[in-house]
Amino acid sequence: MSDNKPLIWTERLLKSLQAGKDSPESRFMQVATCNKDGLPENRTLVFRQLDTDEGIIYTVSDLRTAKADALKANANAAICWYFTGSREQYRLNCTTTIITADNAPEDIHRAWSEMSVQGKKQFLWGVPGSVRQPAKPLKAEGDMNTPPPHFCKLAFRADSVDYLNLKGNPQYREFQTRCDSDWQIRAVIP
Ligand SMILES: Cc1cc2nc3c(=O)[nH]c(=O)nc-3n(C[C@H](O)[C@H](O)[C@H](O)COP(=O)(O)O)c2cc1C
């Protein structure tokens, strides 16, 4: 089976995304960070983009959320991503960069312009996690054409990848570790 031959993880991931392109949930990744007390926090993020040359996964997020605070203090993140159709799991250990309008204005404007209206609204109806007034319906307030200052991108640069493919008997598992500009790939016992 072609899945069971060593292959750089970015190429694998493109194949998994292609195979799952008709199911929106194939773009949902679980991303864990450590908060300032060293405790793990995990949440779902939508995959937006993959830089295959650099081994970086991009998402969009909000600077006012707990994950942004956590990542400012500790850039380590762990991604766990399961593709139900192809039965593949990717676990990535990453170093994260927060991209904002201050450090990359063009990048942020482009990312904002690519958001759907519904997606944009989520950034315009108040501070995430703040108390909601029960009688007051949420209203998206602000200019839809300009990214709000809290709109950001998260760049997860993989340092190592643990790939598991449940298809086949035995299953196939592979460790990949960044080595300068290349990846060291080792098939391991699942
Ligand atoms: C399917 C799904 C997709 C989500 N995608 C994103 C996303 O792309 N970016 C984001 O900031 N939050 C996203 N969220 C919300 C986060 O999971 C989380 O609830 C929110 O960002 C607050 O997280 P934090 O308090 O850990 O920072 C998504 C939630 C779900 C259920």
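Further up the page is the structure itself.
Quick notes on the rules
Residues numbered from 1 in each chain as written. Predicted model: local features only at pLDDT ≥ 70, side-chain atom pairs only at ≥ 80, totals over all residues. Heavy atoms only, no water. Phe/Tyr/Trp six-rings, centres within 6.5 Å; stacked < 30°, edge-to-face > 60°. Helix = DSSP H or I, 4+ residues; strand = E, 2+ residues; numbered from the N terminus. Buried < 20%, exposed > 50% of the residue type's maximum accessible area, 1.4 Å probe, protein only. Lys NZ or Arg CZ within 6 Å of the ring centre and 35° of its normal. Arc of directions from axis to C-beta. Contact = heavy atoms within 4.5 Å. Near = heavy atom within 4 Å. Polar contact = N/O pair within 3.5 Å; in protein donor to acceptor, adjacent residues only side chain to side chain. Areas by Shrake-Rupley, 256 points an atom, 1.4 Å probe, with all protein chains shown as cover. Nonpolar A, V, L, I, M, F, W, Y, C, P; charged D, E, K, R; others polar.

Looking at the packing of aromatic side chains
Now for step 1: Taken as a whole and judged by the stated rule, the model has nine aromatic pairs.
Now for step 2: When the ring of F47 is compared with that of W81, the centres are 5.3 Å apart and the planes differ by 40 degrees; the resulting orientation is tilted. Within this pair, whereas F47 is found in the loop between β2 (40-46) and β3 (49-51), its partner W81 is found in strand β5 (residues 76-83), the two being separated by 34 residues in sequence. Each member of the pair, F47 together with W81, is buried.
Now for step 3: Seen from the ring of Y58, K153 lies directly overhead, with NZ or CZ sitting 4.6 Å from the centre.

A few points about unusual backbone geometry
Now for step 1: Here the amide bond leading from N169 into P170 is cis, since omega sits at 5 degrees, within 30 degrees of zero.
Now for step 2: If you trace the backbone, P170 turns up in the loop between β7 (151-165) and β8 (172-179).
Now for step 3: Positive phi, close to 55 degrees, is recorded for R87, a residue that is not glycine.
Now for step 4: Along the chain, the position of R87 falls in the loop between β5 and β6 (88-99).
Now for step 5: In this model, D180 sits at a positive phi of 50 degrees, which is unusual for a non-glycine residue.
Now for step 6: For D180, the position within the fold is in the loop between β8 and β9 (182-188).

Considerations on helix α2 (residues 66-73)
Now for step 1: Regarding α2, the residues found buried are K67, A68, A70 and L71. Along the long axis of α2, the arc covered by the buried residues comes to 165 degrees, so they all point the same way. Every exposed residue of α2 that faces more than 90 degrees away from the buried side is listed here: K72 and A73.
Now for step 2: Buried residues belonging to α2 abut β1 (28-34), β2, β4 (56-62), β5, β6 and β7.

Focus: helix α3 (residues 105-113)
Now for step 1: Turning to α3, its buried residues are I108, A111 and W112. Take α3 and look down its axis: the buried residues cluster within an arc of 100 degrees, on one side only.
Now for step 2: The inward-facing, buried residues of α3 contact β4, β6, α4 (117-121) and β7.

Side note on the site of the ligand
Now for step 1: Around the ligand, the neighbouring residues are F28, R43, T44, L45, V46, V60, S61, T65, A66 and K67.
Now for step 2: Contact distances for the ligand include 2.8 Å between an oxygen atom and a side-chain N or O atom of R43.
Now for step 3: V60 is positioned such that a nitrogen or oxygen atom in its backbone is 2.9 Å from a nitrogen atom of the ligand.
Now for step 4: Surface burial for the ligand is 60%, taken as the share of its 620 Å² of free accessible area covered by protein chains.
Now for step 5: Where the shell around the ligand is concerned, the elements lending two or more residues are β2, β4 and α2.
Now for step 6: A total of four residues in the shell around the ligand trace back to one element, the largest contributor, which is β2.
Now for step 7: Across the shell around the ligand, the residue classes break down as five nonpolar, three polar and two charged.

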